[in-house]
Amino acid sequence: MALSLSGFLAACGGGGDGESSGDGGESSGGGSETWRMVTEEVDGQVQYEYAEEFGKRINEKTDGKITIEPYEFGGLGNESDQVEQLETGAVEMAVMSPGFTGNMVKEGQLFALHFLFPDSVEKTQEVLNKSEALNKDLRSKYEEHGITPLAFWTEGAMQWTFSKKVEKPADFEGLKMRTQTSPLILESYKAYGADPQSMSWGELYTALDRGTVEGQENPIFFIGDASFHEVQDYMTLSNHNNYVAMTTVNSDWYDGLDEEMQKTIDETVQEMQEWVYEEQEAQNEEWLKTIKEDEENATEVIELTEEQREAFRKEAMGVRDFYREEVSTVDGEILDKLEKEISEISGEETGESSGSEE
Ligand code: 6CS
């Protein structure tokens, strides 16, 4: 995966089509505009498909006035570069993972907490749609950095892959685990005794192949599409967390749009919540089948029992205290509120054994 800075510079130079971008909604070329939307994934994967579908809908609703140019991962740099591009307004929109913004928005690291969201992906999406803690309180924390998350959505339950069998916390002892960059993700793996290190996913296939790292977490579609299963012998179905992505915009750019345009964007973002839920579900189901049937790159798929998951849950709970005491800048207030909302929606106490709802 070549990370092309020249692509980014070319895009900043106007993308070669003379159309406007990042100028607070002003247009050129007969009233037409192009907005750039960076994603952390490549063609065919959920985030990129999202950007294409979102662009199609916006283009139709604006009678062709607005064109959205989706960028694949690598087109404008790596995940951390993309955060910076949105923050500075070099791009207008981004699909972004909180796992790469932890050094900037400390509170957003709550997505790193294992066994926080309901076991059911559907209920998790319901929480993401309805939560005031996320859509109001956490949103305003991002806005302090010039980034507005318009929606949070799941890309599916997270699973683990390894070069060795992992079924209990002790199996993590000293295991070199790849994570995204948010520091709390690393803490979550230290709690199991692992030796985590962060890196871009663009380097991950090679790192797994060479044994630089021995394990990683991701939703199944991503494990399959990025071919991580080819260089890993085991996949542990742990459902230890949900992969959450955000539809984000540069705050100044968005605030500078007229009300009608903001409404069109907001409505489309809301419509897309159901669309992307179905997209991730279909991709995750399809890839689980494909990985299981791939005889050339055989992967042993281990489904953890509720008892086995409970052992991980126990070890993970201390990380919530760490978040409240060491990470949060508001004494864990957003997490407390989110936990209440999760309990109301799932009908369960968060953090206690809940049984599988799949
Ligand atoms: O593991 C990662 O870093 C990548 N995983 C997904 C599902 N999307 C993009 C992200 O960068």
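Residues numbered from 1 in each chain as written. Predicted model: local features only at pLDDT ≥ 70, side-chain atom pairs only at ≥ 80, totals over all residues. Heavy atoms only, no water.

Asks: I would appreciate a short explanation of the nonpolar core in the present structure.
Replies: A general tendency of soluble globular proteins is for nonpolar side chains to be buried together. Formed by 50 residues in total, the largest nonpolar core has its most connected members in L110, F111, W160, F172 and L338. Not counting residues within four places of it along the chain, the set of residues in contact with F172 comprises W160, F162, V166, M177, Y189, Y192, G193, A194 and F312. Within the second largest apolar cluster, 42 residues are counted, among which are M93, W153, A245 and M261. (Core = buried A, V, L, I, M, F, W, Y, C linked by side-chain atoms within 4.5 Å. Buried < 20%, exposed > 50% of the residue type's maximum accessible area, 1.4 Å probe, protein only. Contact = heavy atoms within 4.5 Å.)

Asks: Would you mind showing me how to read the packing of aromatic side chains here?
Replies: Centre-to-centre distance and the angle between the planes together describe a pair of aromatic rings. Counted under the stated rule, the structure contains 20 aromatic pairs. With a centroid separation of 6.1 Å and 85 degrees between ring planes, the pair formed by W160 and Y192 is classed as edge-to-face. Of the two residues, W160 sits in strand β4 (residues 147–162) while Y192 sits in the loop between α6 (183–190) and β6 (195–198), which places them 32 residues apart along the sequence. Each of the two residues, W160 as well as Y192, counts as buried. An aromatic cluster is built from W160, F162, F172, Y189, Y192 and F312, whose rings are joined through pairwise contacts. (Phe/Tyr/Trp six-rings, centres within 6.5 Å; stacked < 30°, edge-to-face > 60°. Helix = DSSP H or I, 4+ residues; strand = E, 2+ residues; numbered from the N terminus.)

Asks: Is there a simple way to explain the environment of V231 in this structure?
Replies: Within the secondary structure, V231 sits in the loop between α8 (220–225) and β8 (234–237). In this view, V231 contacts Y205, L208 and D209; residues no more than four positions away in its chain are not counted.

Asks: What is the right way to look at the site of the ligand in this model?
Replies: Lining the immediate surroundings of the ligand are 13 residues, of which E41, R178, Q180, W201 and N218 lie closest. Contact between the ligand and N218: a nitrogen atom at 2.9 Å from a side-chain N or O atom of the residue. Between the ligand and Y243, the relevant distance is 3.4 Å, taken from a nitrogen atom to a side-chain nitrogen or oxygen of the residue. Along the lines of polarity and charge, the residues of the shell around the ligand split into five nonpolar, three polar and five charged. (Near = heavy atom within 4 Å. Polar contact = N/O pair within 3.5 Å; in protein donor to acceptor, adjacent residues only side chain to side chain. Nonpolar A, V, L, I, M, F, W, Y, C, P; charged D, E, K, R; others polar.)

Asks: How should I be thinking about helix α2 (residues 46–61) in this particular structure?
Replies: Residues spaced three or four apart along an α-helix point in a common direction, a consequence of the helix completing one turn every 3.6 residues. Taking 1.5 Å as the rise per residue, α2 with 16 residues should run 22 Å; its terminal C-alpha atoms sit 22 Å apart, in good agreement. Within α2, the full set of buried residues consists of V46, Q47, Y48, Y50, A51, E53, F54, G55, R57 and I58. Once α2 finishes, D63 follows within two positions and takes phi at roughly 50 degrees, a positive value. (Expected span 1.5 Å × (residues − 1).)

Asks: What exactly am I supposed to notice about the environment of E306 here?
Replies: As for its position among the elements, E306 is in helix α11 (residues 306–327). In this structure the C-alpha to C-alpha distance between E306 and S238, which are 68 residues apart in sequence, comes to 9.4 Å. Polar contacts involving the side chain of E306 include one to the side chain of R309, which spans 3.0 Å.

Asks: Is there a simple way to explain the packing of α6 against α11 in this structure?
Replies: Contact geometry for α6 and α11: axes closest at 10 Å, N-to-C directions at 145 degrees. For α6 against α11, the interelement crossing comes out right-handed. Touching L184, E187 and S188 of α6 are V319, F322, Y323 and V327, all from α11. Here the contact of α6 with α11 is built from residues that sort into five nonpolar, one polar and one charged. (Axes fitted to C-alpha atoms, helices over the stretch in contact; angles between N-to-C directions. Left-handed = near helix turned anticlockwise from the far one by under 90°.)

Asks: Before we go on, may I ask you to explain the confidence of the model for the protein in this structure?
Replies: Segments scoring low in pLDDT should not have their predicted coordinates read at a detailed level. Confidence along the protein averages 91 in pLDDT terms, with 89% of residues attaining 70 or more. In this model, residues 352–358 is a region of pLDDT below 50 whose contacts with residues beyond four sequence positions or in other chains number 19 contacts. (pLDDT = per-residue confidence, 0-100.)

Asks: Got a minute to help me understand α11 in this structure?
Replies: Taking 1.5 Å as the rise per residue, α11 with 22 residues should run 32 Å; its terminal C-alpha atoms sit 29 Å apart, in good agreement. Largest kink in α11: about 25 degrees, centred on K314. By the burial criterion, the buried members of α11 are R309, F312, R313, A316, V319, R320, Y323 and V327. Those residues of α11 that are buried lie in contact with β4, α6 and α12 (333–346). (Bend = angle between axes of the 7 residues up to and from the residue.)

Asks: Honestly, empty space enclosed by the protein in this entry has me stumped. Any pointers?
Replies: To find the voids left in a structure, one rolls a probe of water-molecule size over its atoms. Per the stated rule, a full pass over the model turns up six cavities of 30 Å³ or more. Lining the largest cavity are 17 residues, and of these G99, F111, M158, Q180 and I185 sit closest to its centre. Here the lining of the largest cavity takes three residues from strand β9 (residues 242–250), the largest share from any one element. Tallied by class, the residues present in the lining of the largest cavity amount to seven nonpolar, nine polar and one charged. (1 Å grid on protein atoms, 1.4 Å probe; cavity = no way out; pocket = protein on both sides within 12 Å on 5 of 7 lines; lining within 4 Å. Points joined across faces, edges and corners; volume = space filled by probe spheres on them.)

Asks: Explanation requested: unusual backbone geometry in the structure shown.
Replies: Only a minority of non-glycine residues have a phi that is not negative, and only a minority of peptide bonds are not trans. With a phi angle near 60 degrees, F115 is a residue other than glycine that sits in the positive phi range. Structurally, the position occupied by F115 is in the loop between β3 (93–96) and α4 (121–130). By relative accessible area, which is 4% here, F115 ends up buried. In this structure, D331 is a non-glycine residue whose phi angle is positive, near 55 degrees. Tracing the backbone shows D331 in the loop between α11 and α12. Judged by its relative accessible area of 64%, D331 falls in the exposed class.

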